[in-house]
Amino acid sequence: MGGGSSRIPEHELEQLSIESGLSRKGIMTLYNRFISLATHRDKTTNEYFLTKGDFQSIVELKQNPLGDRIIDAFFADAEVLERRKVYFKDFVKVLSHFRPINKNKPHPWNSREAKLRFAFTMYDLNKSGTITKGRMMIGDNVPVDQVNSIADRTMREADKDGDGFITFQEFCNAMEKTDIEQKMSFRFLT
C-alpha cells in the first residue's frame, strides 16, 4: 500500500511520546503501520495521511463488526473531520486510548474516563450525548436478531431512568464492573 521513510524525526518522536504517553518503541510501531497503510501525501506539508477509504480497505476492519465505528473514531475530532485526513499525530492520539493504563504515570488521553468516553462516542455517532437502541446496530457481521437482543438487554440494564436514551453517566454506571483498562488495551503500546 503505502511507502516512504520508516524514520520519524527525533524531535517529533519525543513530542509524540510526551503528548501521548506512549513509549518511543510504541510510537515507532504505530509509525511503521501508518506508513504501510498511507496511500496519500499532502502536497503542502509532504506528510503522509489516511482517508476513510484507506481505513475501509484494511481487512481487519472490514471483518470487525465495529469496523465502521472504529473508522469513525479516527474522524471524530472536528478538525480531522473537516479536512477528511488523518495525519500520523491524529493516528497516535486515537490509538493512545488503547495504551494500558499506568497508575503511577497518569495521562489524560488514557484514563479510565477517557477510555469510557472514547467507547461511548463509538455509539454516540450524532454527538447528541446519548445512545439509543438504534445506535447499537453494529454492522452486517452479526445477525439482526442477535443485535436486537443485545440492544434490548443493554437498554434494560443501562437506561436507568427509562427515557429511551443512555447518557454518558448511565453508560459509566453500566460499565462500572467492566475492566475497561484491560478490554481497551493493546500490549504493544506500553
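Residues numbered from 1 in each chain as written. Predicted model: local features only at pLDDT ≥ 70, side-chain atom pairs only at ≥ 80, totals over all residues. Heavy atoms only, no water.

The name an unreviewed UniProt entry gives the protein chain is EF-hand domain-containing protein, with Caenorhabditis auriculariae as the organism. The protein chain has a UniProt comment under Sequence similarities (unreviewed entry) that states "Belongs to the calcineurin regulatory subunit family. CHP subfamily." (UniProt positions renumbered as here; feature names shortened; annotations may be inferred.)

J.: Any details on the packing of helix H1 (residues 10-20) against helix H7 (residues 88-95)? Residues and values, ideally.
T.: Running from N to C, H1 and H7 point in directions that differ by 30 degrees, and their axes come no closer than 10 Å. Classified by the angle their axes make, H1 and H7 are roughly parallel. Crossing geometry of H1 relative to H7 is assigned as right-handed. For the pair H1 and H7, contact is made by Leu16, Glu19 and Ser20 and by Phe88, Lys89 and Val92, respectively. A class-by-class count of the residues in the contact of H1 with H7 yields three nonpolar, one polar and two charged. (Axes fitted to C-alpha atoms, helices over the stretch in contact; angles between N-to-C directions. Helix = DSSP H or I, 4+ residues; strand = E, 2+ residues; numbered from the N terminus. Parallel < 35°, antiparallel > 145°, perpendicular 65-115°, else oblique. Left-handed = near helix turned anticlockwise from the far one by under 90°. Contact = heavy atoms within 4.5 Å. Nonpolar A, V, L, I, M, F, W, Y, C, P; charged D, E, K, R; others polar.)

J.: Run through unusual backbone geometry, naming residues and quoting values.
T.: Non-glycine residue Asn46 carries a positive phi angle of around 70 degrees. By secondary structure assignment, the location of Asn46 is in the loop between strand E1 (40-41) and strand E2 (48-50). Its identity as a non-glycine residue notwithstanding, Arg84 has a phi of 60 degrees, on the positive side. On the secondary structure map, Arg84 appears in the loop between helix H6 (78-83) and strand E3 (86-87). For Arg84, a relative accessible area of 61% corresponds to the exposed category. (Buried < 20%, exposed > 50% of the residue type's maximum accessible area, 1.4 Å probe, protein only.)

J.: Would you mind going over the side chain of Asp159 in detail, with residue names and values included?
T.: With respect to the helices and strands, Asp159 occurs in the loop between helix H9 (144-158) and strand E5 (166-167). Lys160 provides the closest opposite charge to the buried, unpaired Asp159, separated from it by 9.3 Å. In this structure the side chain of Asp159 is engaged in a polar contact, spanning 3.2 Å, whose partner is the backbone nitrogen of Asp163. When near neighbours in sequence (up to four residues on either side) are disregarded, Asp159 contacts Thr154, Gly164, Phe165, Ile166 and Glu170. (Lys, Arg positive; Asp, Glu negative; His and termini not counted. Salt bridge = Lys/Arg side-chain N within 4 Å of Asp/Glu carboxyl O. Polar contact = N/O pair within 3.5 Å; in protein donor to acceptor, adjacent residues only side chain to side chain.)

J.: Give me the packing of helix H2 (residues 24-37) against H7: which residues, what numbers.
T.: Where H2 meets H7, the closest approach of the two axes is 10 Å, and the angle between their N-to-C directions is 125 degrees. Taken together, the axis directions place H2 and H7 in an arrangement best described as oblique. The element H2 and its partner H7 pack so that their crossing is right-handed. Each of Ile27, Leu30, Tyr31 and Phe34 in H2 lies in contact with H7, whose residues at this interface are Phe88, Phe91, Val92 and Leu95. Among the residues forming the contact of H2 with H7, the class breakdown is eight nonpolar, no polar and no charged.

J.: Tell me about the UniProt feature "domain: EF-hand" (unreviewed entry) in the protein chain, residues and numbers included.
T.: On the UniProt side, "domain: EF-hand" (unreviewed entry) is annotated at positions that read residues 146-181 here. Taken end to end, residues 146-181 is 61% helix and 6% strand, and its two terminal C-alpha atoms sit 26 Å from one another.

J.: Any chance you could break down the sheet that holds E2 for me, citing the residues and the numbers?
T.: Overall, antiparallel pairing links the three strands, which are arranged E1-E2-E3 in an open sheet. The outermost strands of the open sheet, each flanked by one partner alone, are E1 and E3. Two strands pair when backbone bridges link them, and E1 and E2 are joined in this way by two bridges, in the antiparallel orientation. In the sheet register, Arg41 faces E2, and the bridge partner there is Tyr48. (Pairing = 2+ DSSP bridges.)

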